[in-house]
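Each chain is listed here by its residues.
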Amino acid sequence: MSDDPILLTPGPLTTHPDTRRAMLRDWGSRDPAFIALTAELRKRLLRVANGEATHVAVPLQGSGTFIVEAAIATLVGPGQKLLVLANGAYGERMVAIARRMGRDVEALRWPEDRPVEPARVAEALRADPAVTHVALVHCETTTGILNPLAETAAVVAEAGRHFLLDAMSSFGALEIDLTAVPVAAVLASSNKCLEGVPGIGFALIEQAVLAAAEGNSPSTSLDLHAQWRGFGKDGQWRFTPPVQVVAALVEALRRLEAEGGPAARRARYQENFDTLWAGMRRLGFELYLDEAVQAPIIATFRMPADGRLEFRRFYDALAARGFLIYPGKLTQAESFRIGCIGAIGRAEFERLLRAVEEVLGKG
Ligand SMILES: *Cc1c(COP(=O)(O)O)cnc(C)c1O
C-alpha cells in the first residue's frame, strides 16, 4: 500500500484507503442494498451544491466527457443553439461534442491565460437571440484558471438563457450554491475533487429543464432524461452500473461531509497549492498563470527556458521517487502540471519538493 505512487494529476488521483476499501465486495445491481446505495449517492451529490429543492442528480456510467456529451445531447434540443465560452481544451471539447451531436453551436473565445469576461458574454447574447444555452468551464483544467461563475451565471440568467456548467475539476472543492447561482445543469465526475475512483459522471439538472428534454438525445445510452426516468421508476440504473465505483463514491462523499464540506476541502487544496508554489518558486520555477486567476486545483509551470529540463526525464525521475506529475496541455508554451487535489496534504507536497530539488541537483 505504501508503495502506491502519489498521483499529482487532476484525476484519477490519490484516494483515501477507506475509499478504495469500500470497493472490496460484490453488489447485485438490482438488489435493495445497491438501490439504497444509489439513492444515497444521488442525495449526497445534490447536497454538495444545495440543489435538493430544485435539481435532480443523474449519474451516468463513464468518464467526465460522457456526462458532458450526454448533457449537451439531452438538454440542447434540435433547433436550439449552444454558445460555449472557451479558454482551454475542455471548452473546445464541448464545441466538438455539440457539433458531432448535430447541434447548432458557436464558441466565444479567450486566450488560455485569460478568464471569461461576463460583459463580453452579455454582448454576445444581445447580438444573437438564437442562442438558447450557454456553457462555461468553471475551472479550466488545461491551465488551472478559475472562470467567474456567479457573474457569468447572472449575465446568462438576465438574458433568459439556460446555463450549463462543466464543474468537473471544481465540484466538491470550489463552492457551487444552487440556491444562489442560477445553473440549469452542473456536470462533474467521481474522480476529481470528490476523491472517488473513475467511472461515473453525473449531472445536477433543474428538474423543470430535464422534464422538458424528453426525446432530445439522439443517443440511447447518453440520454439523461431516460436515465432520470429509470431511477424514478425503480431506483435502478438502466444499464449495468459500475457498482464498486458507486460504493467508493458514496464513501468519498461521506468523507467530504466529515471533512467539513467543500469549504474545508478548498482550504486543504489551497494549502497544498501554496506549499507547492512557494517551494517551486524557491527552486526557480514560474507559474504559467497570474496568481489572481489561479484556482487551487492544478498548477501549470513553465518549462525552464534554459532547456535544462526535459519533461520525459523529469517525469521518470519523479516517478522513480513515487510522484506522478502531469504533462502540460497548453497550445502556446512548453509546460508541465502538478495537481493539488486528492487525499493528500502539505506533507506530501513537502516530500515532492524535496524530490524535485534532488532531481534538479542531479541535472
Ligand atoms: C477532467 C475534465 C473533463 C472530463 O474529462 P474525462 O477525461 O472524460 O474524465 C471535462 N472537463 C474538465 C474541465 C475536466 O477537468
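Residues numbered from 1 in each chain as written. Predicted model: local features only at pLDDT ≥ 70, side-chain atom pairs only at ≥ 80, totals over all residues. Heavy atoms only, no water.

### Quick notes on the overall build of the protein
Stated precisely, the cut-off is as follows: A helix here means a DSSP run of H or I that spans at least four residues, while a strand means a run of E at least two residues long, and both kinds are numbered starting from the N terminus. The size measure is the radius of gyration over C-alpha atoms, and the globule rule it meets is 2.2 Å times the number of residues to the 0.38 power. For each residue, the accessible area found with a 1.4 Å probe, counting protein chains only, is set against the maximum for its type, and the residue is called buried under 20%, exposed over 50%, and partly exposed in between. Charge assignment: positive for Lys and Arg, negative for Asp and Glu; neither His nor the chain ends contribute. Just so you know, the charge point we use is NZ for Lys, CZ for Arg, CG for Asp and CD for Glu.
In terms of regular secondary structure, the protein is built from twelve helices and 14 strands. Here the C-alpha atoms of the protein give a radius of gyration of 20 Å, agreeing with the 21 Å that 2.2 N^0.38 yields for 363 residues. Projected onto its principal axes, the C-alpha positions of the protein cover 60 × 55 × 35 Å. Within the protein, the proportion of its 363 residues that are buried is 58%. Put simply, the protein has 40 plus and 43 minus side-chain charges, and the middle of one group is 3 Å from the middle of the other.

### Description of the packing of helix α11 (residues 311-320) against helix α12 (residues 346-361)
When two helices pack together, their arrangement is given by the angle between their axes and by how far apart the axes lie. Our working rule: Fitted lines through C-alpha atoms give the axes, limited to the stretch in contact for helices. The angle between two N-to-C directions lies from 0 to 180 degrees. For classification purposes, angles smaller than 35 degrees are called roughly parallel, those larger than 145 roughly antiparallel, those between 65 and 115 roughly perpendicular, and all remaining angles oblique. Rotating anticlockwise by less than a right angle from the far helix to the near helix defines a left-handed crossing, while the corresponding clockwise rotation defines a right-handed one. For this analysis, residues touch if any pair of their heavy atoms sits within 4.5 Å. Nonpolar residues are Ala, Val, Leu, Ile, Met, Phe, Trp, Tyr, Cys and Pro. Charged residues are Asp, Glu, Lys and Arg, and all others, Gly as well, are polar.
Direction vectors running N to C along α11 and α12 enclose 130 degrees, while the axes themselves pass 10 Å from each other. When the interaxial angle is binned, α11 and α12 end up oblique. Seen along the crossing, α11 lies across α12 with a hand that is right-handed. From α11, F314, A317 and L318 reach across to α12, where they touch L352, A355, V356 and V359. The residue inventory of the contact of α11 with α12, partitioned by class, reads seven nonpolar, no polar and no charged.

### Brief notes about the packing of helix α9 (residues 243-259) against helix α10 (residues 261-282)
Their axes nearest at 7 Å, the elements α9 and α10 cross at an angle of 85 degrees. Here α9 is positioned roughly perpendicular relative to α10, judged by the angle of their axes. Here R255, L256, E257 and E259 of α9 come into contact with α10, specifically with G261, P262, A264, R265 and R268. In terms of residue class, the contact of α9 with α10 is made up of three nonpolar, one polar and five charged.

### A closer look at the pattern of salt bridges
Pairs may arise between side chains of opposite charge once their charged atoms sit close together. Filter applied, for reference: In the sections that follow, a salt bridge refers to a side-chain nitrogen of Lys or Arg positioned within 4 Å of a carboxyl oxygen of Asp or Glu.
According to the stated counting rule, one finds 24 salt bridges in the structure shown. D234 is paired through a salt bridge with K233; the nearest N and O atoms lie 3.6 Å apart. Residue classification places K233 among the exposed residues on the basis of a relative accessible area of 67%. Among the ionic pairs, E350 bridges to R346, the shortest N-O distance being 3.5 Å. Placement of the pair is E350 and R346 together in helix α12, with a separation of four residues, close to one helical turn.

### Considerations on α9
Here is the rule: An expected span of 1.5 Å times one less than the residue number is assigned to each helix.
Over its 17 residues, α9 extends 24 Å from the first C-alpha to the last, a length consistent with the 24 Å expected when each residue adds 1.5 Å. Taken together, the buried positions of α9 are occupied by V243, V245, V246, A247, A248, L249, V250, E251, A252, L253 and L256. Looking at the buried positions of α9, the neighbouring elements they touch are α1 (17-21), α2 (32-48), β10 (200-206) and α10. Positive backbone phi, at 120 degrees, marks G260, one or two positions downstream of α9.

### Some points on the packing of aromatic side chains
Each aromatic ring pair is described using two quantities: the centre-to-centre distance and the angle formed by the ring planes. Defined as follows: Here the aromatic set is Phe, Tyr and Trp, taking the six-membered ring for Trp, and pairing holds for ring centres within 6.5 Å; pairs whose planes are under 30 degrees apart are stacked, those over 60 apart are edge-to-face, and all others are tilted. Remark: a charge is flagged as sitting over a ring if the NZ atom of Lys or the CZ atom of Arg is within 6 Å of the ring centre and within 35 degrees of the ring normal.
On inspection of all chains with the given rule, the structure shows nine aromatic pairs. Measuring from ring centre to ring centre gives 6.3 Å for F285 and F314, while their planes differ by 25 degrees; the resulting arrangement is stacked. Taken together, the residues F285 in the loop between α10 and β11 (298-302) and F314 in helix α11 connect sequence positions 29 residues apart. A ring pair is formed by F311 and Y315, whose centres lie 5.9 Å apart and whose planes are at 45 degrees; its orientation type is tilted. Taken together, the positions of F311 and Y315, both in helix α11 and four residues apart, correspond to about one turn of that helix. Comparing F311 with Y315, the two get one shared label, buried. Each residue in the set W277, F285, F301, F314 and F336 is aromatic and connected to the rest through ring pairs, giving one cluster. Lying over the aromatic face of Y90, K192 brings its terminal NZ or CZ to 5.6 Å of the ring centre.

### As for the domain arrangement of the protein
Heads up, the condition is: For the domain bounds, the source is a domain assignment made automatically or taken from a database. In this description, buried area is defined as the sum, over both parts, of the accessible area (probe of 1.4 Å) that is lost when the two are combined.
Taken domain by domain, the protein consists of domain 1 (6-11 + 261-360) and domain 2 (19-258). Domain 1 and domain 2 are separated by 27 Å when their C-alpha centres are compared. Between domain 1 and domain 2, the contact holds 25 residues from the first and 26 residues from the second. Taking both partners together, domain 1 and domain 2 bury about 2100 Å²; carbon and sulfur atoms supply 58% of that area. Counting the surface domain 1 buries against domain 2, the share from its top three residues, P262, R265 and K329, is 27%. Connecting domain 1 to domain 2 are two salt bridges. Between R268 and E195 there is a salt bridge; the shortest N-O distance is 2.9 Å.

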